Structure formats: C-alpha cells, structure tokens
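Remarks on the overall topology
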Amino acid sequence: MDAQEIKALKALMEYEASRTTPPASFPALPDLPGGRYTDPEFMALERAHIWRKSWLLAAHIDELPEPGCFLLWEQADQPVVIVHSETGQINAFYNTCSHRGAPVVTEPSGKKLRLTCRYHGWTYNHDGELLSVRDPEDFKDLDFSCRSLSSVRCEQFGNLIFVNFDPDAPTLLDWLGPIADEWAEFRFDQCRLAARHQFTLNCNWKIAMEANTEVYHVKSIHPSTVAPILDDRRNVNTLYPNGHHRMVAPRPTGTVSTLEQQRSDLPEIASVGEIARTCTQSYGLFPNWVSPLSAFAIPPLLFWPKGIDQCVLETWTFAPDWGEQPAPDLWTEDQGARLAQVLREDTEFGAWIQKSVNSYGFKGVPLSYQEARIYYWHQSADALIGQDNIPKSLQVPPVITDAWIYPNDPRRAEL
Ligand code: FES
Ligand SMILES: [Fe+2]
C-alpha cells in the first residue's frame, strides 16, 4: 500500500469517527429477506451459481509438495482431486473415472505415480490423460484423447490453490482485481500452511460468515477480546468489484494483535506495511473467505454450506516459516480441539439466530451503514445468480451503486 493510500485511509478513519449520520450519498438499505437463510430454493440458486462460478480456496501447496502428490477435495460438494504434476503445475479434476464414474482416488491425500481407477483399472497421468485401459481390444473406436479426466479450473495465488467449476470464469487474478495488488505485501508466495481445522456449526453458512463481516457486534460480543484492540468508530469499510470487501480500523496505541498476544516468538512478514501493523483489518473475498491479515499471519476463515441450517467453518493459518517453534494457529485451542475464544464468541448465537429466521416471527434483516459489507455481499450474490432467476420475495435490490465500489468512494470527496 503506497503512502498516498495510507494517508487517505487514515483520513477516512477520522471521517468515520467524526460523522454523525451515514454519508449523505449512502443509500438506505432495504431489509434482507429472511428466506435467504431458510429457503431451499435460494440454497439451490447458491449452488447453481455462487459455488459453481466463484474461485474457492481448496488447498495450500504444502499439502501436495511434490510431483505425484494429490488431495481429495469435496468441500463444495463436488468430487475433486487436486494433483501436483511432473511439470510442477497443480491440476484439478473431477474425481470421476471416464469409464463408469468410479473414483480415481479414494484416500484423502497421498502420492501416486499414476491415477488408476480401482473399478476396472483405467489409468491416467497427472495431467488427467488416459494412458491405458484393461482389455482395450474389447472396445470399438475408444478414442483415448476424448477420455481424459474432466478438468476443473485451478489457479494459484502464491502458495494458495483455488478452484473454479466454471470454464468461463475470469482468471483468479481478474477475480481478485485490486486486492491482488494490495495483498502483494503479505507474500502469499512465501507463506506456509501452519494450521487447518474444521468445525460444524448449526446455522446457515451466511449467518456464520456475517458474524465476521461487520464490527457493529464487537462491543457486545467481544468486550474483553477484540473491543480493546479495535477502535470500531474509526472503522473504514471498502467495497471492491466482484463482491469482495475490507474493513480496517486502528488499534489503540500500545495494544497488539491477538496473535501477538498469544505468541511473541513468531517471525514477521517483513514487507507488511504500516496499516497492517497498526490496524485490525479483514478482507472478505467473495463468496466465503474472511481473513484478518496481519504482519504475522494470513488466517482465512472459510464457510461452507452443509444443508440449509448447517455449515462447516474451516479455520486456516498461513504464516512465514516458524522454524523450530510450534506452528502458529490463530483460530483454535489444543491443536484444533476447540475454537479459540474469539471464534467461540462469534459463533455463540448462530444456532439461536437460525431458530429465529426459521420462526413465523422473522420478517427480514435491517442493516446499518456499519453493516454495508453484508448488504454488498448479498447484492453481489444476486448479480452472480442473475436477478431474473431469483423469486421476487428473495431478491436484494442493487441499491449500492458503482459510486461506492473501489476505487470510487464518495467519502474521499468529502475529506
Ligand atoms: S469405472 Fe473406472 S475403470 Fe471402470
Ligand atoms: Fe467478531
């Protein structure tokens, strides 16, 4: 982040602290329909569009470090095998044999010279090409070149491996847009995988994610954990193209981040600049990533639907090499046995809220200017689904105009 942008962000923090109403040009936000958290039809639309067309974090290169290493990945309810090929490229395929659909790998991870289907022995290389079949003489006109494993888009941002089920999706870099440049200082190409765990939560995945998409709750939910290290009245929300967003709020002088409180022995990401060192900031990457980037770690939380009222919270910590010290893990206690306190606080009301949204008494969700990132997420979701595909009662009107999408920002004109 250059000096001019740092200056502008600091000025925006003071602007937020001094305002007494939302900015004049910020729209009133219509209520979010409650059915977006309960209606199987909306869940089917999410599946057909959001999960199918978005770039999704699936793996870290440390999980498949050498040619031949593979990883089974089914978090998006599609059978996917990710493979490290001889050329060093990371490929992703449907874990679906081209013969009769048996899996080509059944172990969660491992290393294999070839991918051989155990049903009838068809064998593929790490680029998904069909190399051999048993009893080839019994097939008439079997064209091997048409029987490769079906591929899934797979691209890397540094050491992180993303997949996308849409052959027509933009590249990962285009999807990230300006965020790719803003993340350069965190050296995603050098981070190692320190921790990865998952927890089942009894609420719709968006209810869980939205607990991490605003700072309005900090004073009441996190009075002793986050509130002392986050000046919420100086929080600045930024909305980026493609539904991504960021919050950044200064830390009161003399306070340190949560990870620094836990560990004083961790190496820093040397290139990280002033904002990430002096503020709490968190990026929301559409659709399901929330990560408070700091000088010590890249720790994304990922939220995956497992039914209309259940989800998986995946907790990751990426960090610069920690040497002989224990690997850092921002999000859990006792090596993944339970969520860390901040996340226990954030997830406390999930099941209660799900009961409420399922009740006859629930009408919809009124959101404040402080919660604009939640509204923007829903508006962006509808853009990806296509407004015409959504029943009127579940639609979110696109009231946040381009004037509020980065690099545009009417607040900057008011400084
Ligand atoms: S299903 Fe794989 S070889 Fe028959
Ligand atoms: Fe929180």
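Reading the values: rules and limits
Residues numbered from 1 in each chain as written. Chains lettered and ligands numbered in written order. Predicted model: local features only at pLDDT ≥ 70, side-chain atom pairs only at ≥ 80, totals over all residues. Heavy atoms only, no water. Domains from an automatic or database assignment. Buried area = accessible area lost by both parts, 1.4 Å probe. Salt bridge = Lys/Arg side-chain N within 4 Å of Asp/Glu carboxyl O. Helix = DSSP H or I, 4+ residues; strand = E, 2+ residues; numbered from the N terminus. Nonpolar A, V, L, I, M, F, W, Y, C, P; charged D, E, K, R; others polar. Axes fitted to C-alpha atoms, helices over the stretch in contact; angles between N-to-C directions. Parallel < 35°, antiparallel > 145°, perpendicular 65-115°, else oblique. Contact = heavy atoms within 4.5 Å. Phe/Tyr/Trp six-rings, centres within 6.5 Å; stacked < 30°, edge-to-face > 60°. Buried < 20%, exposed > 50% of the residue type's maximum accessible area, 1.4 Å probe, protein only. Lys NZ or Arg CZ within 6 Å of the ring centre and 35° of its normal.

All right, on to the domain arrangement of the protein then. Each assigned domain of the protein is listed here: domain 1 (3–53 + 187–414) and domain 2 (56–157). Here the C-alpha centroids of domain 1 and domain 2 sit 34 Å apart. With both sides pooled, the region where domain 1 packs onto domain 2 buries about 1,300 Å², and carbon together with sulfur makes up 56% of that total. Two residues, Glu-63 and Arg-196, come together in a salt bridge whose shortest N-O distance is 2.7 Å. Within the residue set of the side of domain 1 that touches domain 2, elements represented by two or more residues are helix H2 (40–53), strand S12 (192–201), strand S17 (301–305) and strand S18 (311–319). Here the residues of the side of domain 1 that touches domain 2 are counted per class, giving 13 nonpolar, 2 polar and 5 charged.

Before going further, it helps to examine the packing of H2 against helix H11 (residues 372–385). Running from N to C, H2 and H11 cross one another at 80 degrees; their axes reach a closest spacing of 9 Å. Relative to H11, the element H2 is oriented roughly perpendicular. For the pair formed by H2 and H11, the contact residues are Phe-42, Leu-45, His-49, Ile-50 and Lys-53 on the first element and Trp-377, Ala-381, Asp-382, Leu-384 and Ile-385 on the second. Split into classes, the residues belonging to the contact of H2 with H11 amount to 7 nonpolar, 1 polar and 2 charged.

Tallying each qualifying case throughout the model produces 19 aromatic pairs. Seen in terms of ring centroids, Trp-51 and Trp-304 are 5.6 Å apart; in terms of plane orientation they differ by 35 degrees. Their pairing is tilted. Here the residue Trp-51 occupies a position in helix H2, and Trp-304 occupies one in strand S17, the gap between them amounting to 253 residues. Here the two residues Trp-51 and Trp-304 agree in accessibility, since each one is buried. Three or more aromatic residues joined by ring pairs make a cluster, and in this case those are Phe-157, Phe-162, Trp-183, Phe-188, Tyr-240, Tyr-283, Trp-289 and Tyr-406. Over the aromatic face of Trp-322 sits the side chain of Arg-192, whose NZ or CZ is 4.5 Å from the ring centroid. The ring of Trp-352 has Lys-355 lying over it, and the distance from NZ or CZ to the ring centre is 5.5 Å.

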